[in-house]
Each structure stands twice: as structure tokens, then as C-alpha cells.
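Per-entry structural report
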Amino acid sequence: MRVYVPLTLSGLAAAHGTGEVGPAPLTAYAVTPGLREWYVSDDIEELEYAALNRAAAASLRMIAGRSDEARRRVVVAVDVPDGEALADPDQGLSASSLGEVRIAAALPLAKAAAVHVDADDAERDVAAAAAALGAADLGDDDAQFTVDGAEDHELLWFGVQEIGQLIG
């Protein structure tokens, strides 16, 4: 199963330094039964893209909570054995937890399939989205529009061997 682990650039740097994505337990996103039901698609690429976007939204929340963090969303894609990523059955179809899985152990960074990161030109929109996130959560339509502006930016794909350049 491919899981998408939300991080920040400093979190990616820490993972690069230790060689693992952690600490455990990890919250990640994957194609879960709830995500399949919500997305109503059998196309695995579309479903994985939806899981990636859920992880990108979680990365935005991490960024919003840290004023010193670079304003670029980061998601690490890692393949794990099916039994290692457990969906929380108590969450059901809660919109906030669709596709969410828990992983009990840190993941070796060497096992990552790819790293997805915002381009430099997304930083302004990601910063605005991070600032507007609280108001959007409270139902402010203008703030939600600002948050959606960050989501308009596609995350770029990088190989694991390129992490040093991303964090350098």
C-alpha cells in the first residue's frame, strides 16, 4: 500500500538526517475504503491523487501551526505492507479523516518512492492559506477561497536522491 506522509521542509530535513520518517506513530493518507466511497472512483491513480491531496492539506495544517516553518507543503510517498497502515474504523466517513491511516513505526526514508513539494512560486499562496486556515475552519467563505488557492498549486515530484537539494 502506498501511503502519503505529510511533512514540512524542516521535517523532511530531520528525516534526511536520521534516515527515517518519524517519530512513530505516524499519521499518513492512503486509499482506504472510506476514501473510495467518498471519491466514488475505481481509478487507482485518481484515488492515490486524492490521498496525496489529503496529505498536502495535512502538511498545510502543520505549516500553519509553526510561524518559523517554510511555506511549502511536503508529502513523502512510501510503500508499506498492507497491514502496517491501519485506517481508524471509529472515524467512519468524517470529512476530516478520509484516507487517514496510522503507522505504528517510523518509516525508512530509503524506502520512499518519491517526495512531493511545492514549487517556490507557491510560497505566497501557501502562506496566505496557512494564515486563513483557522477562519476557513470556522466557515468563512473568503478564507476558504484563500485556502483553496494553495490547493491550486500542484506539488512537484522529486526522487529521494534529490532531498539534499530540496533542503539545502
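About the cut-offs
- Residues numbered from 1 in each chain as written.
- Predicted model: local features only at pLDDT ≥ 70, side-chain atom pairs only at ≥ 80, totals over all residues.
- Heavy atoms only, no water.
- Salt bridge = Lys/Arg side-chain N within 4 Å of Asp/Glu carboxyl O.
- Buried < 20%, exposed > 50% of the residue type's maximum accessible area, 1.4 Å probe, protein only.
- Phe/Tyr/Trp six-rings, centres within 6.5 Å; stacked < 30°, edge-to-face > 60°.
- Lys NZ or Arg CZ within 6 Å of the ring centre and 35° of its normal.

Per the counting criterion, the structure on display carries 7 salt bridges. Across the pair R66 and D68 runs a salt bridge, and its minimum N-O distance is 3.4 Å. Given the relative accessible area of 37%, R66 is considered partly exposed. The class of D68 is exposed, set by a relative accessible area of 62%. Each of R66, D68 and E69 takes part in salt bridges that share partners, so that together they form one network.

Further remarks concern the packing of aromatic side chains. Under the defined criterion, the tally for this structure stands at 1 aromatic pair. Considering the side-chain rings of W38 and Y39, the 6.0 Å spacing of their centres and the 50° angle between planes classify their relative orientation as tilted. Overall, the relative accessible area of 46% leaves W38 in the partly exposed class. The ring of W38 is capped by R54, whose NZ or CZ atom sits 5.8 Å from the centre of that ring.

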